[in-house]
Amino acid sequence: MSDSFIEAYSALDARMKIVDVITNNLANANTIGFKRDFAHILQGETEFDVGTQMDLSSGDLIGTGNNLDAAINGEGFFAIETPSGERYTRAGSFGVNAAGELVTKDSLRVLSTSNQPIAIGDGKVEIRDGGVVTVDDNEVATLKVVTFDDPSKLQKEGFQRLVWNGNPSGIKAVADPQVQGGYTERSNVNAIDEMVHLMAAYREFEAVQRTLKTLVTDMNSKLIQELGRLT
Amino acid sequence: MLRALYTAATGMQAQQINIDTIANNIANVNTTGFKQGRAEFQDLLYQNIRPAGTASSSSTQYPVGLQLGLGTRPVATDRIYKQGDFRQTENPLDIVIEGKGFFQVRMPSGELAYTRDGSFHVNGEGAMVTADGNPLEPQITIPADAQDIVIGTDGTVSVTQAGQSAAQQVGTVQIANFQNPSGLNGIGRNLFLPTAASGDANAGNPGENGLGRINQGFLEQSNVNVVEEMVNMIVAQRAYEVNSRAVRVADDMLSQINNLVR
């Protein structure tokens, strides 16, 4: 097959991947703490490829009045404990498990600055500035909030969790985290932007499809001509 | 390409559940002791097509990876136990819990259920019962000739009987709290049942051990805020629309591929 074929095919495939990424963003327009992915085309010598990058900009904070909700206003991620190691999230809509510990909605324990689960029991819980957790006005723990030296090494694991693929030394505690209790961070997906990207990818797809169609038709007629000459 | 179709479908399903939750909140805007529900979502697994740092040639690496997400899923319908407004009724058997806790009622099956709805009545035998007729636990019997019923902030119920000047104590309204009230199983009729996630009920007298206090002559209104629900509904509807648009785009792209070869 000719290079132009491969090029057109890979251009088409790239647009499909971009649509996949945009669709996932749209599906998560209401996921707390979700960070949109940004897809861009990488051009090789003959082929097109797609890369995705997380857009770590903040989502809007919305007041919920729920004292187990917390949002980070600015940089940082909450640290949570999972069976496969520490994970990070911006989704601060927490709950309490039957043992009285602060957990995510997947019942994964939230970690304190001393890397311990946070026991809150059934008292009046508040999450205050700096991530200080109080129960009946007594400080019990501070939420662990960390940042990373190279955010491109953060990978999405799904279920609002991020995994750090860099060196453990790349994880740094945020000195004075701007944690706000009673708020959650909305998804940073902007439906208008995504629709514009979607339409752009779609039109590009259409254009490439036309090119490919021309190539196919040309080739077919050429083939018929050549065959005709042979016989 | 089919990936985008399914991903958008998960988004549409999620928004349907969101609308269902909002509709239930709005329907219960006048339900005594109702607590607002909130649907929460999570992103699904990611397909790691090419991790960042993969070699693009013998000496270069791709600076960014390629991760394709597969959509969203509902993770929880949380209940927000924010205190509802108090409405004065002057009815001596209307009581509210100011703070944490639930009234305990005995269901016909013998099981204990929990409720924030404090509009009680007296049945034929003089027992304090909910509007459904489930008696309060521990049972409190109001004498038929009671003139005046007073329920104190600590839950003590005292009545003044005809021909007597001194009030007489007939029982105490006990309330119960849970480690994790969001883990309670709502069974409708304003009732909740404990689950493994909620933990066991810790019953006690109102005002003690972090339990709320009782106020007589008031009802706790639904804590649903209609304005907030309307805004949430608009957001959910628009999110549904953009997801359905994505389905259409994916479908169009598929049909164009089909048209490549005639």
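This one's a predicted model, so the numbers in the text were calculated from it and none came from an experiment. (Residues numbered from 1 in each chain as written. Chains lettered and ligands numbered in written order. Predicted model: local features only at pLDDT ≥ 70, side-chain atom pairs only at ≥ 80, totals over all residues.)

With respect to the overall build of chain A
And then number 1: Scanning chain A from terminus to terminus reveals two helices and 17 strands.
And then number 2: Its C-alpha atoms give chain A a radius of gyration of 25 Å, clearly above 17 Å, the size a compact globule of 231 residues would have.
And then number 3: Taken along the three principal axes of its C-alpha coordinates, chain A extends 95 × 35 × 30 Å.
And then number 4: Summarising the internal contacts of chain A: among those between residues at least 6 apart in sequence, 62% fall at separations of at least 24. (Helix = DSSP H or I, 4+ residues; strand = E, 2+ residues; numbered from the N terminus. Rg over C-alpha atoms; globule rule 2.2 N^0.38 Å. Contact = placed C-beta atoms within 7 Å.)

Quick notes on the packing of helix α2 (residues 191–230) of chain A against helix α2 (residues 226–258) of chain B
And then number 1: Interhelical geometry of α2 of chain A versus α2 of chain B gives an angle of 5° and a closest axis separation of 11 Å. What the angle tells us is that α2 of chain A and α2 of chain B run roughly parallel. Together, Ala191, Glu194, Met195, Leu198, Tyr202, Phe205, Glu206 and Gln209 of chain A of α2 of chain A and Arg238, Ala239, Val242, Arg245, Ala246, Val249, Met253 and Gln256 of chain B of α2 of chain B make up the contact between the two elements.
And then number 2: Among the residues making up the contact of α2 of chain A with α2 of chain B, the classes are represented as 10 nonpolar, two polar and four charged. (Axes fitted to C-alpha atoms, helices over the stretch in contact; angles between N-to-C directions. Parallel < 35°, antiparallel > 145°, perpendicular 65-115°, else oblique. Nonpolar A, V, L, I, M, F, W, Y, C, P; charged D, E, K, R; others polar.)

Details of the interface of chain B and chain A
And then number 1: At the interface, 55 residues of chain B touch 51 residues of chain A.
And then number 2: Ranked by the residues each element gives to the side of chain B that touches chain A, the list is headed by α2 of chain B, at 10 residues.
And then number 3: Among the residues forming the side of chain B that touches chain A, the class breakdown is 28 nonpolar, 21 polar and six charged.

A look at the sheet that holds strand β13 (residues 168–172) of chain B
All names here are of chain B.
And then number 1: If you trace the three strands from one edge of the open sheet to the other, you get β11-β12-β13, paired in antiparallel fashion. Looking at which strands have only one partner, the edges of the open sheet turn out to be β11 (146–151) and β13. Sheet twist, expressed as the mean angle between neighbouring strand axes with direction ignored, is 25°.
And then number 2: Across five bridges, β11 lies against strand β12 (residues 156–161) in antiparallel orientation. Note that in β12 the partner of isoleucine 149 across the bridge is valine 159. (Pairing = 2+ DSSP bridges.)

Some remarks on the sheet that holds strand β15 (residues 185–188) of chain B
All names here are of chain B.
And then number 1: Ordered by their spatial adjacency, six strands build an open sheet running β15-β16-β8-β7-β14-β17, and the pairing between neighbours is antiparallel. If you trace the sheet from one side to the other, it starts and ends with β15 and β17 (202–204), each paired once. Neighbour-to-neighbour, the strand axes of the sheet open up by a mean angle of 45°, direction not taken into account.
And then number 2: Direction of pairing for strand β7 (residues 102–106) relative to strand β8 (residues 112–115): antiparallel, over a ladder of four bridges. When the sheet's bridge partners are listed, valine 105 is paired in β8 with alanine 113.

Some words on the environment of glutamine 178 of chain A
And then number 1: In this fold, glutamine 178 of chain A is placed in the loop between β15 (171–173) and β16 (179–181).
And then number 2: Not counting chain neighbours up to four residues away, the residues in contact with glutamine 178 of chain A comprise Ile72, Asn73 and Gly74 of chain A.

Here we look at the nonpolar core
And then number 1: Among the nonpolar cores identified, the biggest contains 41 residues, and Ile18, Val19 and Leu26 of chain A together with Ala246 of chain B are the most heavily contacted of them.
And then number 2: Broken down by secondary-structure element, the contributors of at least two residues to this core are α1 (3–27), β2 (48–54) and α2 of chain A together with α1 (2–27), β1 (37–43), β3 (66–69) and α2 of chain B.
And then number 3: For this core, the leading source of residues is α1 of chain A, giving 10 residues.
And then number 4: If we ignore the near neighbours within four places in the chain, the residues touching leucine 26 of chain A are Val189, Ala191 and Glu194 of chain A together with Ala8, Gly11, Val242, Asn243 and Ala246 of chain B. (Core = buried A, V, L, I, M, F, W, Y, C linked by C-beta atoms within 7 Å. Buried ≥ 20, exposed ≤ 12 C-beta atoms within 10 Å, placed from the backbone.)

Remarks on the domain arrangement of chain A
Residues and elements named next belong to chain A.
And then number 1: Along its sequence, chain A is carved into domain 1 (3–56 + 189–230) and domain 2 (61–185).
And then number 2: Using only C-alpha atoms to locate each centre, domain 1 and domain 2 end up separated by 38 Å.
And then number 3: Per-class residue counts for the side of domain 1 that touches domain 2 are three nonpolar, three polar and one charged. (Domains from an automatic or database assignment.)

Overview of the pairing of strand β5 (residues 77–82) of chain A
For a regular strand, the rule is simple: side chains alternate between the two faces of the sheet.
Residues and elements named next belong to chain A.
And then number 1: Relative to strand β12 (residues 145–148), β5 runs antiparallel, the two being bridged by two bridges. Within β12, the position partnered with phenylalanine 78 by the bridge is valine 145.
And then number 2: Note: β5 against strand β6 (residues 85–89), five bridges, orientation antiparallel. Within the sheet, the bridge partner assigned to threonine 82 lies in β6 and is glycine 85.
And then number 3: The antiparallel pairing of β5 with β6 creates a hairpin that spans two residues between the two strands.

Focus on the domain arrangement of chain B
Accessible area lost when the parts come together is the quantity often used to give the size of an interface.
Residues and elements named next belong to chain B.
And then number 1: If you check the domain split of chain B, you get domain 1 (2–81 + 224–258) and domain 2 (86–220).
And then number 2: Spacing between the C-alpha centres of domain 1 and domain 2 amounts to 41 Å.
And then number 3: Taken residue by residue, the interface counts seven residues in domain 1 and 10 residues in domain 2.

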